[in-house]
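Analysis of the macromolecular model
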Amino acid sequence: MRQMILPRVSLDDFLPKSSSDTFSFLFLLFSVIITFAFELTTVVPYVHNGSISAQLIHSLAGCYLLHNILLSLYFIICTDTSIRSLILPSILTSQDKNNGWRFCHVCESNAPPRSFHCNACGICILRRDHHCTFAGKCIGYKNHRYFFSLVFHICIGCLYSVILNQFYVWPVHFGPIGFSFKSFLHHTFPIIFYALGYISLSTATHCFISLIDWCGFFFTLGLLIYHITNAINNQ
């Protein structure tokens, strides 16, 4: 049987293919780094003022989470989970077709079972789950575990930050009143209230970072539940 070898992987294959993917990737990257810097340089010294050991423990935990998030993101991007590097049969038998093999007219090649074509990546992906806009890559057979690792550590990191921020944002920026309906609105819509002149730039910035942590936690928690359910059901 004749064999067909698709072109080798190039650097362009690992870069985001669209402006929306590039924006989402940069948003995720800067959100993680800025949150990490904010917690370790501002929140932790305030919450554990005078306790060097507590600050050291939080710093080590933060570095651990940051390391795993960035490393997981790196492996998602750099792991080729497409049919590009595979040696694929050029002719399919009736048994192959019954087993799920098919011909992709876009890739102009035969595709293995449970592989689907991604218009964003421009190629068929092995056991394709979805196209992750935050990584600019498809999640499939070879990088699914790295996606789980990324979502899990972001979820833990956001929860960690949310808990720490409760001991900083409310007492520092909203005084003795602390949590109230008014301060809740300021925290939820910091840019609007800063533009109206009700809160300072530092308050708006810190509330915005805290808001991102809240949104990141609920978003990644929902992703974890959804993808764990799919994995259990082999979907």
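Use the structure listed above.
Since the structure is predicted, the reported quantities are computational estimates derived from the model, not experimental observations.

Here the focus is the overall build of the protein. Tallying secondary structure elements over the protein gives eight helices and eight strands in all. For 235 residues, the compact-globule estimate of 2.2 N^0.38 gives 18 Å, and the protein exceeds it by more than 25% at 23 Å. Each of the three principal axes of the protein carries a C-alpha extent, and together these read 75 × 40 × 35 Å. Across the 235 residues of the protein, 41% fall into the buried class. Considering only contacts in the protein between residues 6 or more positions apart, those separated by 24 or more positions represent 60%. For the protein, the exposed surface amounts to about 13300 Å²; the carbon and sulfur share of it is 68%. Distance between charge centres in the protein, computed from 13 positive and 9 negative side chains, equals 7 Å.

What follows covers the environment of Gly175. Relative to the elements of secondary structure, Gly175 occurs in the loop between α5 (169-173) and α6 (181-188). Judged by its relative accessible area of 29%, Gly175 falls in the partly exposed class. A C-alpha to C-alpha distance of 17 Å links Gly175 and Tyr194, two positions 19 residues apart in sequence.

What counts as what
Residues numbered from 1 in each chain as written. Predicted model: local features only at pLDDT ≥ 70, side-chain atom pairs only at ≥ 80, totals over all residues. Heavy atoms only, no water. Helix = DSSP H or I, 4+ residues; strand = E, 2+ residues; numbered from the N terminus. Rg over C-alpha atoms; globule rule 2.2 N^0.38 Å. Buried < 20%, exposed > 50% of the residue type's maximum accessible area, 1.4 Å probe, protein only. Contact = heavy atoms within 4.5 Å. Areas by Shrake-Rupley, 256 points an atom, 1.4 Å probe, with all protein chains shown as cover. Lys, Arg positive; Asp, Glu negative; His and termini not counted. Charge placed at Lys NZ, Arg CZ, Asp CG, Glu CD.

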